[in-house]
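Spelled out, the chains give:
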Amino acid sequence: MRLLLLLLADHQLGCDLMGNSKQSLESRELGSLPGSVTKSLQFFVFCHGLLQLSQLLVSGYLKSSISTIERRYGLSSQTSGLLASFNEVGNTLLIVFISYFGSRVHRPRFIGCGAILVSLAGFLMSLPHFITGPYKYDQSVASTFSNTTDLCQPGVPGSQGNLSDDGCTPHAVKENHEVLLVMFIAQALLGIGGVPIQPFGISYIDDFASERNSPLYLGILFSVTVIGPGVAFMLGSAMLRFYVDIDKVAGDEVQLTNKDPRWVGAWWLGFLVAASLVALSAVPYFFFPREMPKEVASGKESNSKKSEDVLSQLRLRSEQMQNLSLTKFIKHFPLVLLRNLRHPVYLLVVLAQVNLSAMVAGLATFMAKFLERQFSLTASLANMIIGAVNIPGAMVGIVVGGAILKRFQMSLRQCSAMCVLGMFLCLLLALPLLFLGCPTQKVAGVTYSESSEFGHHTLECHLQCNCPKKAYNPICGSNAIEYISPCSAGCRVVNINADNSVLNYTHCSCISDQGLAGFAKPGTCGTNCSHLFLPFVVLSCLAGILASTSHTPSFMLILRSIQPEDKSFAVGIQFMLLRVLAWMPGPVLYGSAIDTTCILWEKKCDRNAACRYYDNNLFRQRYLGLQFFFEVGAFLCFVTVYVILRRQEREASNAAETKADPEKEKLAGNSIKSPESKV
C-alpha cells in the first residue's frame, strides 16, 4: 500500500505535464534504429509498464526487508526509517523542474538514463553484503565457522566465550559506517533516477496516442504499475527464505531456521534481481525516437468547433510555457503556489492527502516488522501477508472509488461526502485494532523475574556461568519462560539432531520443572495469541479498502477546484507537498516512536544497535495510534471541505433562484436599498 498514492500522484502529474509539452502535429523520426518496432507506441507502452514495474521492485523491496537489514547491521528503527525515506530527498529536489523541461529534451533517452541510475542504485544497495564479512551470531554448537559456545561454562570468562563481544573493533566500526554511507548514496540515486521515468513516459504516450487510445494505454500502464509494491513484497517473501550468507557458508554450517529470531534472510538477493530487470528494461529507450508518429484513431474524428478551440488553447498555453526562461519559471512558481494555497478546498484536500500519505508511509515501512513482533511471524510470512492481502485490498478500494465516481457522476460536494463516509467507516474498523494484539512474552531478567513466581529461584542460578551480557540466543524453557541465551538459563548440555541442528537444552539450573532442572527448546516462546492474527488481518484490510475509496474523489476535488491554467502547477505542488510533509518525515517519525517501546537493546561499542525485545502493548498502541491519528486528521479535513462546498453550493443555488425570479430579485433590491434610505 506504501506506493499506491505515490503512483497516482505521479500519474496525475504526468498527465498534466502534457499541457507543458509541445505537441507535434507532424511525425518526425530522430535518432531511431531501422525497423518499425521502435516507432510503435504499443511497444513503448509495453516497455514503460515493464520499466515502472521494475523500478517499483527496487524501491518497494527495501520496505519488505527493512527489519532484516536492521538485524543484520544493528540499525535502530529511526535510522532504518530515515534510510527508507532518503530516496525522496533527491526526487523532491528535482521534480519541480520536470514541468519546465517537459519536451525540451529527448524524453525516451532521459527515461533510459534515469533507469540506469535506478539500476545502479539497486546494485549499490546489495553492495554491503559483499564488502562485509559473514553474519555472526551466538551459537551453542562449535563448528568450523566458529569454535565458541554460549552454554553455561563455569570458570570460563564470558568475554572469551561469545561472538557478541567481537563486534567492537576499529575495523568493524569503519565497516558499519561504510555500509550506511553506501546505502544512503544508493537511496539518493534511486530518487534522482526515478524523477523522469513516470512523468516523461506518461506525457510521451499521451502526446502521440490518439484520443481514443490514450486512456486505454494509461489505464494499462497504471494497472501494471499499481501491482509493483505487491510484487516487491512477494519478492521479499521469497528471498528472505534463503540464509543471508548462502554464497559464503555451506548449508550444513547454518544452525538457524527462518523461525529463529536471529535468522537473517538473503535481503541482498532481491536487489540484484530487481536491478537487473531495470537494466534490461532501460535498453529500448535509447532507440525510441524523440517524436513518434501520431496515432490515427479508427472511426470518426471529432471535428467539432469546441474540441478545436480546446486544442488551440492547449497549444497556446504550451507555447507560452515553452517561451518562459528558467528564471521566469522559478519566479512564477511561488506566485502560483501562494495562489493555490489560498484556496481553502485545495489546501484542505492536500492536507487530507498528506495525513493519508503519512499513514501509508508508516504502514508500508514497518507493518511487516509489526506483524513479526506482534504475532511472532517470520519475515517471509509477514511480507507475504502484506503483498497478497493489504496491497491488493488498497487496489480494490481505489478501483471501487473510481467506479462509484464514474457511475453516479458526482458533484464536488458529493465527492467530499464520499471521502467523509469512507474515512468514517475506516476509523470505525481501525479503532479495534488498537486493542487487538498480543502482550509481551515472559523473558527472564527483562520482563519477568523468576523470584516473583518461584521463591527459591533467583537470577543467582546462572551467576557461576559467567554469561556475557551481550549474549543473544533465545530459548524457550519448559516452564514457558523465555531466556535470552542458554547460558542465562544455566543450561550446560545441548542435544543435537542428525543434521547438526539443536534439538534441546538440558541440565538448566534456572528452569524449574517439578523440582528438577528443566529443559529448553531453541527459539523464542512467541506471543501465543495466534487466534487474534486472522481478525487483525481482516480488519486492517477492510480499513485499507475503505480509506482507499477516498483516493480518486480527493484527486477530483483538487482538479476541479482550481483554475484550469494552474492545473499542472497545482498537481506538481501537491506532489511536492506530499513528499516533503509525508513521505520524507513519515518513516522517521514512525521509527522514532517504535524505538521508544524497546526494552532490550543490542549493544555495539556501548551504543544502542538493533532492538531485541519490544513492549508489545506500547508498540501496538504507538504504531497503530499514529496511524489512527493521521486517519482522524484526514477525516476532519474532508469534513471541513464538505461544509465549505455545501455552503458554496447553497449560496450558488440561492443566487440562481434570485436571478431566475425577477420578483425575488426586485424584493432583494428593495431590501438592499432600504438601509441606505435610513442612513
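Residues numbered from 1 in each chain as written. Predicted model: local features only at pLDDT ≥ 70, side-chain atom pairs only at ≥ 80, totals over all residues. Heavy atoms only, no water.

Attention now moves to the overall build of the protein. Each helix and strand in the protein was counted, giving 23 helices and 7 strands. Buried residues in the protein amount to 55% of all 679 residues. Considering only residue pairs separated by 6 or more positions, the protein has 82% of its internal contacts joining residues 24 or more positions apart. As presented, the protein carries roughly 29400 Å² of accessible surface, and 63% of it is formed by carbon and sulfur atoms. (Helix = DSSP H or I, 4+ residues; strand = E, 2+ residues; numbered from the N terminus. Buried < 20%, exposed > 50% of the residue type's maximum accessible area, 1.4 Å probe, protein only. Contact = heavy atoms within 4.5 Å. Areas by Shrake-Rupley, 256 points an atom, 1.4 Å probe, with all protein chains shown as cover.)

Right, let's talk about the confidence of the model for the protein for a bit. With 78% of its residues at a pLDDT of 70 or more, the protein has an overall mean of 79. Element-level mean pLDDT values for the protein span from 41 in helix 1 (residues 4-16) up to 95 in helix 12 (residues 267-282). Predicted confidence for residues 158-165 stays below pLDDT 50, and this span has 24 contacts to residues more than four positions away or in other chains. (pLDDT = per-residue confidence, 0-100.)

It is worth spelling out the packing of aromatic side chains at this point. Under the definition given, this model contains 27 aromatic pairs. When the ring of phenylalanine 44 is compared with that of phenylalanine 288, the centres are 5.0 Å apart and the planes differ by 75°; the resulting orientation is edge-to-face. Of this pair, phenylalanine 44 sits in helix 2 (residues 41-64) while phenylalanine 288 sits in the loop between helix 12 and helix 13 (305-322), and the two are 244 residues apart along the sequence. Residues phenylalanine 44 and phenylalanine 288 agree in their burial class; the two are buried. (Phe/Tyr/Trp six-rings, centres within 6.5 Å; stacked < 30°, edge-to-face > 60°.)

Together, Ile116, Val283, Phe286 and Phe287 make up an exposed nonpolar region whose accessible area comes to about 310 Å². For phenylalanine 286, the position within the fold is in the loop between helix 12 and helix 13. Taking relative accessible area as the criterion, phenylalanine 286 reaches 32% and is therefore assigned partly exposed. (Patch = residues over 30% accessible without salt bridge, like charges linked within 9 Å, V, L, I, M, F, W, Y side chains within 5 Å. Salt bridge = Lys/Arg side-chain N within 4 Å of Asp/Glu carboxyl O.)

Attention shifts here to the state of the cysteines. Summed over all chains, the structure comprises 5 disulfides. Here cysteine 438 pairs with cysteine 529 through a disulfide, and the sulfurs are 1.5 Å apart. Residues cysteine 438 and cysteine 529 are joined through a disulfide that is right-handed, its torsion about the S-S bond being 75°. Here cysteine 529 lies in the loop between strand 5 (516-522) and helix 18 (533-548) and cysteine 438 lies in the loop between helix 17 (412-430) and strand 1 (475-477), a separation of 91 residues in the sequence. Relative accessible area serves as the criterion here: at 6%, cysteine 529 is assigned to the buried category. Here cysteine 598 engages in a disulfide with cysteine 611; their sulfurs sit 2.1 Å apart. Negative torsions about the S-S bond denote left-handed disulfides, and the value of about 100° found for cysteine 598 with cysteine 611 makes this one right-handed. (Disulfide = S-S within 2.5 Å.)

A few words on unusual backbone geometry. Look at alanine 480: it is not a glycine, yet its phi comes out positive at around 65°. Along the chain, alanine 480 turns up in the loop between strand 1 and strand 2 (482-483).

A separate point is the pairing of strand 7 (residues 607-614). Of all the 8 residues making up strand 7, 6 are buried; the element is thus mostly covered by neighbouring parts of the structure. Once strand 6 (residues 598-604) ends, the chain turns through 2 residues before running back antiparallel as strand 7, passing cysteine 605 with a positive phi of about 55°. (Pairing = 2+ DSSP bridges.)

Counting residues in each nonpolar core, the largest one holds 80 residues, and the members touching the most others are Phe370, Leu371, Phe375, Phe536 and Tyr623. Ignoring any residue separated from it by four or fewer positions in sequence, one finds tyrosine 623 in contact with Gly362, Leu363, Phe366, Met367, Phe370, Tyr590 and Ile594. Membership of the second largest hydrophobic core comes to 61 residues, among which are Leu51, Val58, Ile205 and Trp263. (Core = buried A, V, L, I, M, F, W, Y, C linked by side-chain atoms within 4.5 Å.)

Their axes nearest at 6 Å, the elements helix 5 (residues 87-95) and helix 8 (residues 170-194) cross at an angle of 35°. Relative to helix 8, the crossing made by helix 5 is right-handed. Every residue of helix 8 that contacts helix 5 at Asn87, Gly90, Asn91 and Leu94 is listed here: Gln187, Leu190, Gly191, Ile192 and Gly194. Of the residues contributing to the contact of helix 5 with helix 8, the split by class is 3 nonpolar, 6 polar and no charged. (Axes fitted to C-alpha atoms, helices over the stretch in contact; angles between N-to-C directions. Left-handed = near helix turned anticlockwise from the far one by under 90°. Nonpolar A, V, L, I, M, F, W, Y, C, P; charged D, E, K, R; others polar.)

Another point: the pattern of salt bridges. The full count for this structure, using the stated rule, is 5 salt bridges. Linking glutamate 88 and arginine 579 is a salt bridge whose minimum nitrogen-to-oxygen distance equals 1.9 Å. Taken together, the residues glutamate 88 in helix 5 and arginine 579 in helix 20 (residues 567-583) connect sequence positions 491 residues apart. As a salt-bridge pair, arginine 413 and glutamate 649 come within 2.7 Å of each other at their nearest N and O atoms. Of the two residues, arginine 413 is situated in helix 17 and glutamate 649 in helix 22 (residues 616-660); the sequence distance between them amounts to 236 residues. For arginine 413, a relative accessible area of 24% gives the class partly exposed.

All right, on to the side chain of threonine 365 then. Locating threonine 365 in the fold gives a position in helix 15 (residues 344-375). One polar contact links the side chain of threonine 365 to the main-chain carbonyl oxygen of alanine 361, over a distance of 2.7 Å. Residue contacts for threonine 365: discarding those within four places in its chain leaves Lys63, Ile66, Ala84 and Pro587. (Polar contact = N/O pair within 3.5 Å; in protein donor to acceptor, adjacent residues only side chain to side chain.)

Once that is clear, we can look at the packing of helix 9 (residues 197-208) against helix 10 (residues 214-226). Close contact between helix 9 and helix 10 brings their axes to 9 Å; oriented N to C, the two are set at 155°. Judged on the interaxial angle alone, helix 10 and helix 9 are roughly antiparallel. When you trace helix 9 past helix 10, the crossing you get is right-handed. In this structure, helix 9 uses Ile202, Ile205 and Asp206 to contact helix 10, whose residues at the interface are Ser214, Tyr217, Leu218 and Leu221. Looking at the contact of helix 9 with helix 10 residue by residue, the classes come out as 5 nonpolar, 1 polar and 1 charged. (Parallel < 35°, antiparallel > 145°, perpendicular 65-115°, else oblique.)

Our focus in this paragraph is the side chain of serine 550. Looking at the element boundaries, serine 550 is found in the loop between helix 18 and helix 19 (551-561). When neighbours within four sequence positions are excluded, serine 550 is seen to be in contact with Leu356, Cys419, Met423 and Phe638.

Moving on, we come to helix 2. Relative to the 34 Å expected for 24 residues at 1.5 Å per residue, helix 2 spans 34 Å between its end C-alpha atoms, a close match to the ideal helical length. At valine 58, helix 2 shows its strongest bend, of approximately 30°. Taking burial as the measure, the 24 residues of helix 2 include 20 buried ones, the bulk of the element. (Expected span 1.5 Å × (residues − 1). Bend = angle between axes of the 7 residues up to and from the residue.)

An α-helix turns once per 3.6 residues; consequently, residues spaced three or four apart project the same way. Helix length check: helix 15, at 32 residues, gives a terminal C-alpha distance of 43 Å against a target of 46 Å (1.5 Å per residue), a fit within 8%. The sharpest bend along helix 15 comes to roughly 55°, located at phenylalanine 366. Burial analysis of helix 15 places 28 of its 32 residues in the buried class, the great majority of the element. Just downstream of helix 15, serine 376 is the residue with a positive phi angle, here 55°.

Let's shift gears to the environment of phenylalanine 287. One can find phenylalanine 287 in the loop between helix 12 and helix 13. For the pair formed by phenylalanine 287 and arginine 109, sequence separation is 178 residues and the distance between their alpha carbons is 8.0 Å.

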